[in-house]
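Working through the structure, step by step
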Amino acid sequence: MTIPVDIPGIAGLQAIDVIGASATDTRIAELRAIHLAHFPDHPHVADEMGLAARTGSFDPEVVVHQWLLLLDGEPVGEYIFHVNRRRGVMLRHFLAVDQPARKRLPLRWIAAITARVQEQGENDMAATGRPLLAMMSEVNPHHLDGWRRLGYRTLDIGYREPYHGKHWADFGEPTYFEMSPCVKLTPDGEALPISEVARAAVLAFLVDHYRLPEDDPTVVGILARADALAE
């Protein structure tokens, strides 16, 4: 039996994690449709989500969450995030809600659901006996102000994301485009040097998620700049 995740403070908004028993053909189709409507330039991710729904995580140290957002029982959005237990870092991948539904939500709905997502990440890490250190997003520059208001900080490390995501190897050597890496530190993360948390976050995204070689020159440069960060 699927138990929806309630979003505290927002009446009628729930999430179903489309993984395992809850990954019915109908729910997978609803999730894929929402993703393709909002992110048509990432069709490969819809295929990845369908595979994960049926077979689970691609990495035993990564907990995959594929939240189909429901408003009064109707599918209206997605929140896709992974919890990398190896690094103690949550990766925020995709968040979207249909425009008609957004008009029905309170002003700070993103803050409310992101807080619930952080709680899920902390619970996933608690099973390992180790804390969640941070949440990281790859953000387009024009969205930075909104995430800063939610407590995220931008890492000035010359970050690059590979074209084609984790499928880059199907197209030869990796090529990259610029994105802005944003992190929100938990209290446990704030107790560590920012360089240590930044390195963990970069490794979680570029090496563990995208499967890039750690000795790739672009990755080496990003890690070096992460290591040089000061508070």
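Please refer to the structure placed before this passage.
The rules behind each value
Residues numbered from 1 in each chain as written. Predicted model: local features only at pLDDT ≥ 70, side-chain atom pairs only at ≥ 80, totals over all residues. Heavy atoms only, no water. Axes fitted to C-alpha atoms, helices over the stretch in contact; angles between N-to-C directions. Helix = DSSP H or I, 4+ residues; strand = E, 2+ residues; numbered from the N terminus. Parallel < 35°, antiparallel > 145°, perpendicular 65-115°, else oblique. Left-handed = near helix turned anticlockwise from the far one by under 90°. Contact = heavy atoms within 4.5 Å. Nonpolar A, V, L, I, M, F, W, Y, C, P; charged D, E, K, R; others polar. Buried < 20%, exposed > 50% of the residue type's maximum accessible area, 1.4 Å probe, protein only. Pairing = 2+ DSSP bridges. Core = buried A, V, L, I, M, F, W, Y, C linked by side-chain atoms within 4.5 Å. Salt bridge = Lys/Arg side-chain N within 4 Å of Asp/Glu carboxyl O. Expected span 1.5 Å × (residues − 1). Arc of directions from axis to C-beta.

Helix-helix packing: each pair is described by the crossing angle between the helix axes and the interaxial distance. One way to put it is that helix α7 (residues 194-209) packs onto helix α8 (residues 217-227) with a least axis distance of 8 Å and a crossing angle of 160°. Here α7 is positioned roughly antiparallel relative to α8, judged by the angle of their axes. Once α7 is placed against α8, the crossing between them reads as right-handed. Residue-level inspection shows S195, A198, R199, V202, L203, L206 and V207 of α7 in contact with α8, the latter providing V219, I222, L223, A226 and D227. Here the residues of the contact of α7 with α8 sort into nine nonpolar, one polar and two charged.

The next point concerns the pairing of strand β5 (residues 89-97). Working note: regular strand, side chains alternate between the two faces of the sheet. Of all the nine residues making up β5, nine are buried; the element is thus mostly covered by neighbouring parts of the structure. Across eight bridges, the pairing between strand β4 (residues 74-84) and β5 is antiparallel. Bridge pairing in β5 places N84 opposite V89. Between β4 and β5, which pair antiparallel and follow one another directly, the connecting turn spans four residues, one of which, G88, has a positive phi of 70°. With four bridges connecting them, β5 and strand β6 (residues 134-139) associate as parallel partners. Paired with V89 across the two strands is A134, which belongs to β6.

On to the nonpolar core, then. Core analysis: the largest hydrophobic core is formed by 30 residues, its most contacted members being W67, L69 and Y79. Counting only elements with at least two residues in this core, the list comes to β2 (13-17), β3 (62-71), β4, β5, α4 (109-126), β6 and α5 (144-149). Counting 29 residues, the second-largest nonpolar core is a separate cluster that includes A134, A198, L206 and L212.

With that out of the way, let us pick up the environment of A134. By the element assignment, A134 lies in strand β6. In sequence terms A134 and E122 are twelve residues apart; their C-alpha atoms lie 9.8 Å from each other. In this structure, A134 is in contact with G88, V89, M90, K184, L185, T186 and V197, ignoring residues within four places of it in sequence.

It is worth spelling out the pattern of salt bridges at this point. Evaluated as defined, the whole model comprises eleven salt bridges. Note that D25 is salt-bridged to R54, the shortest N-O span being 2.0 Å. Of this pair, D25 sits in helix α1 (residues 25-38) while R54 is found in helix α2 (residues 43-55), placing the two residues 29 residues apart along the sequence. It is possible to trace a salt-bridge network through shared partners that takes in D59, R86, R87, D208 and R211.

This part takes up the environment of L107. Mapped onto the elements of the fold, L107 is located in the loop between α3 (99-102) and α4. Judged by its relative accessible area of 85%, L107 is exposed. Spatially, the C-alpha atoms of L107 and T186 are 24 Å apart, while their sequence positions differ by 79 residues.

Our focus in this paragraph is α1. Side chains three or four residues apart in an α-helix point the same way, a direct result of the helix having 3.6 residues per turn. The terminal C-alpha atoms of α1 lie 20 Å apart, and with 14 residues this matches the ideal 20 Å at 1.5 Å per residue to within 8%. Those residues of α1 that fall on the buried side of the exposure criterion are I28, L31, I34 and H35. What you see down the axis of α1 is that its buried residues fit within an arc of 135°, all on one side. Across α1 from its buried face, at more than 90 degrees, point the exposed residues D25 and A37. Along its buried surface, α1 packs onto α2, β3, β4 and β5.

Everything listed here is a matter of coordinates, which is why it stays silent on function.
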